[in-house]
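Okay, here's what each chain looks like letter by letter:
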Amino acid sequence: MPSRAKRGRQSGMRILYTIGICLYSFGVRVAALFGNPKAKLWVKGRKDQKSMSMSKGLSENDGDWIWFHAASLGEFEQGRPVIEALKRDFPQCKILLSFFSPSGYEIRKNYPLADEVLYLPSDTPRHSAQWLQRHHIVAAFFIKYEFWFNYMRALKLNGIPLFYISLILNEKSFFLKPYGKWFRKQLAAVDHFFVQDDMTANLLKRMGYNNATVCGDTRFDRVAAIAQQAQPFPEIERFIGGRKCIIAGSTWPPDEKLIATFLPKLPDDYCLILAPHDISESHVAQIKALVSEAQLYSELPLESSSKVLILNVIGILSQLYQYARFVYIGGGFGVNIHNIQEPVTFGCPVVYGPKYTSFKEAVDLVALGGAFSVSSSVELDGIFRRLIEDETFYTTASTTCKNYLQKQLGATEIIMKKVSQRLF
């Protein structure tokens, strides 16, 4: 049994952690007051939610709920295959879906397979206790990096199993830092870790946790399903008009400037679809100034006379990769690249900037020759030319992407087998 001094240290760390959470929440509220749009949504969403139903009590006929929590849209897509499998196999269970970020909540607040979609209140002991009073939760799934230690403790105290989906860690993780001892101890609240790679499993084992299964990234199952269900887009096909198509997806200004340098060299039998991360009118106008001959997707009907199409809508990019010969993915000159799994599932070689090492599949595919990192317009010019002109080089890269995808499939099945045994 822990000594009184040790229990005191543990309690003190939790208090410091909770103070940190409160300071973060205060900072977001200050940012909202100064007009930050994302912060304003974060504050307003939680305020509206609290006034509506956070004091709701448990009803007799509430049934069994399974809680999924995602930081944002990308993490939701990793949890989505498991949600769909649970609803298919155990339709009697209700799904509670929560988001930390407005960018996930606002897009998926009407997700049809979730019986309720909410913002996650800030991670305090009071909020976590209130949260578990809402419904009869029988299991919780946190996706990838979502470590909320007061919620985790509340689940543990209430005997509710907690699973992690698509967790990935590396040697730089805060759990392994000198100050990480308290954080490592909180992982005892986790029933099972479903991890992306052997490194993560080994790091957990080093921390004293042997309850991990290496099953890969569930999002590969999701993007494979998207590819199988891809629908035709007649307007896009009319724009392409029999040409070969390059798609630049989720681009930021540095990516767009890089792409613009290559456009004068784009062969006549090629076209480009540029899908910026920011589709606001002001940003699209900036792109139009950079690429004057570009046409907007919203300017129907589309004509094939233009070589460049700016996709100024959201929600269809993942299916448009079916038309791409190869793809440029943005973000690599900022914080990190965006998702490359969607183009890879269609067998598209992928090119991106130098900031990609946080994503296992991006690192793997560069090593295997299915993806290529560039740091300058000269490097982009070189790799684009090879993918356009060298058919053997292109075919090898495309086949590498297809084979890699096939080897990554099946994570959802592994998770469902183990979870079904544990819960049902």
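Look above for the structure.
Everything quoted here is computed from the prediction, not taken from an experiment.

Rules of the game
- Residues numbered from 1 in each chain as written.
- Predicted model: local features only at pLDDT ≥ 70, side-chain atom pairs only at ≥ 80, totals over all residues.
- Heavy atoms only, no water.
- Helix = DSSP H or I, 4+ residues; strand = E, 2+ residues; numbered from the N terminus.
- Rg over C-alpha atoms; globule rule 2.2 N^0.38 Å.
- Buried < 20%, exposed > 50% of the residue type's maximum accessible area, 1.4 Å probe, protein only.
- Contact = heavy atoms within 4.5 Å.
- Areas by Shrake-Rupley, 256 points an atom, 1.4 Å probe, with all protein chains shown as cover.
- Pairing = 2+ DSSP bridges.
- Axes fitted to C-alpha atoms, helices over the stretch in contact; angles between N-to-C directions.
- Salt bridge = Lys/Arg side-chain N within 4 Å of Asp/Glu carboxyl O.
- Parallel < 35°, antiparallel > 145°, perpendicular 65-115°, else oblique.
- Left-handed = near helix turned anticlockwise from the far one by under 90°.
- Nonpolar A, V, L, I, M, F, W, Y, C, P; charged D, E, K, R; others polar.
- 1 Å grid on protein atoms, 1.4 Å probe; cavity = no way out; pocket = protein on both sides within 12 Å on 5 of 7 lines; lining within 4 Å.
- Points joined across faces, edges and corners; volume = space filled by probe spheres on them.
- Phe/Tyr/Trp six-rings, centres within 6.5 Å; stacked < 30°, edge-to-face > 60°.
- Lys NZ or Arg CZ within 6 Å of the ring centre and 35° of its normal.

Student: Would you mind going over the overall build of the protein with me for this structure?
Tutor: The secondary structure content of the protein amounts to 18 helices and 14 strands. The C-alpha atoms of the protein give a radius of gyration of 23 Å, which matches the 22 Å a tight globule of 424 residues would have. By its C-alpha atoms, the protein is 75 × 45 × 45 Å across when sized along the principal axes. Considering the protein as a whole, with its 424 residues, one finds that 54% of them fall into the buried category. Contacts in the protein between residues far apart in sequence, at least 24 positions, make up 66% of those at least 6 positions apart. When the accessible surface of the protein is split by element, carbon and sulfur atoms take 55% of a total near 19800 Å².

Student: Please clarify how the pairing of strand S9 (residues 270–276) should be interpreted in this entry.
Tutor: If a strand is regular, its side chains alternate between the two faces of the sheet. Counting buried positions over the seven residues of S9 gives seven, a clear majority of the element. Examined bridge by bridge, strand S8 (residues 244–251) and S9 share seven bridges and lie parallel to one another. Residue Cys245 lies in a different strand from S9, and its bridge partner there is Cys271. The pairing of S9 with strand S11 (residues 308–310) spans three bridges and is classified as parallel. Considered in S11, the bridge of Leu272 is made with Val308.

Student: What should I look at first to understand the sheet that holds strand S7 (residues 212–214) in this one?
Tutor: The strands making up a sheet are joined through hydrogen bonds of the backbone, oriented either antiparallel or parallel. Strand order across the open sheet formed by seven strands is S3-S2-S1-S4-S5-S6-S7, with parallel pairing between neighbours. The sheet is open, and its two edges are formed by strand S3 (116–119) and S7, each paired on a single side. Neighbour to neighbour, the strand axes of the sheet diverge by 20 degrees on average, direction disregarded. Relative to strand S2 (residues 94–99), strand S1 (residues 64–70) is paired through six bridges, and the arrangement is parallel. Counted as the bridge partner of Phe68 is Leu97 from S2. In the packing of helix H3 (residues 73–89) onto the sheet, contacts are made with S1, S2, strand S4 (136–143) and strand S5 (162–167), and the angle to S1 comes to roughly 160 degrees.

Student: What exactly am I supposed to notice about the pattern of salt bridges here?
Tutor: Side chains bearing opposite charge may pair, as long as their charged atoms lie close to each other. Counted by the stated rule, this structure contains 21 salt bridges. Between Arg238 and Glu235 there is a salt bridge whose closest N-O contact spans 2.8 Å. Remark: Glu235 and Arg238 occur in helix H10 (residues 234–240); sequence separation between them is three residues, near one turn of the helix. A relative accessible area of 42% places Arg238 in the partly exposed class.

Student: Sorry, what's going on with unusual backbone geometry here?
Tutor: Note: most peptide bonds trans; most residues except glycine with negative phi. Even without being a glycine, Lys144 presents a positive backbone phi close to 65 degrees. Along the chain, Lys144 turns up in the loop between S4 and helix H6 (149–157). When its relative accessible area of 9% is taken as the criterion, Lys144 is described as buried. A positive phi angle, near 55 degrees, is found at Ser250, a position not held by glycine. Mapped onto the fold, Ser250 is located in strand S8.

Student: Please explain the packing of helix H15 (residues 360–368) against helix H17 (residues 391–408) as it appears in this structure.
Tutor: In helix packing, the relevant descriptors are the interaxial angle and the interaxial distance, both defined with respect to the helix axes. Relative to each other, H15 and H17 sit at 135 degrees, their axes nearing to 10 Å. In terms of axis orientation, H15 runs oblique to H17. Judged by the twist between their axes, the crossing of H15 over H17 is right-handed. Along the contact surface, H15 presents Lys360, Glu361, Asp364, Leu365 and Leu368, while H17 presents Thr400, Cys401 and Tyr404. Residues that form the contact of H15 with H17 fall into these classes: four nonpolar, one polar and three charged.

Student: Please explain empty space enclosed by the protein as it appears in this structure.
Tutor: A probe matching the size of a water molecule, rolled over the atoms, marks out where space remains unfilled. All told, the structure shown has one cavity of 30 Å³ or more when counted by the stated rule. Estimates place the volume of the largest cavity at around 30 Å³. Around the largest cavity, the lining residues are Ile246, Ile259, Phe262, Leu263, Leu266, Leu272 and Phe384. Its residues assigned to classes, the lining of the largest cavity shows seven nonpolar, no polar and no charged.

Student: Would you take a moment to explain the side chain of His69 for this structure?
Tutor: You can see His69 is positioned in strand S1. Setting aside anything within four residues of it in sequence, one finds His69 in contact with Ser98, Phe99, Phe100, Leu120, Phe141, Phe142, Ile143, Glu146 and Trp148.

Student: When you look at the packing of aromatic side chains in this model, what are you seeing that I'm missing?
Tutor: The description of an aromatic ring pair rests on the distance of the ring centres and on the angle between the ring planes. Applying the stated rule across the entire model yields 35 aromatic pairs. Ring centres of Tyr17 and Trp182 lie 5.8 Å apart, and the angle between their planes is 40 degrees; this geometry places the pair in the tilted category. Taken together, the residues span a long stretch of sequence, with Tyr17 in helix H1 (residues 4–33) and Trp182 in helix H7 (residues 181–186) at a distance of 165 residues. With respect to burial, Tyr17 and Trp182 carry one shared label: buried. Ring centres of Phe90 and Phe424 lie 3.7 Å apart, and the angle between their planes is 10 degrees; on these two criteria the pair is classed as stacked. Here Phe90 is found in the loop between H3 and S2, whereas its partner Phe424 is found in the segment after helix H18 (411–423), with 334 residues between them in sequence. For Phe90, a relative accessible area of 15% corresponds to the buried category. Judged by relative accessible area, Phe424 falls into the partly exposed class, the value being 42%. Above the plane of the ring of Tyr394 lies Arg325, whose end atom (NZ or CZ) is 3.8 Å from the centre.

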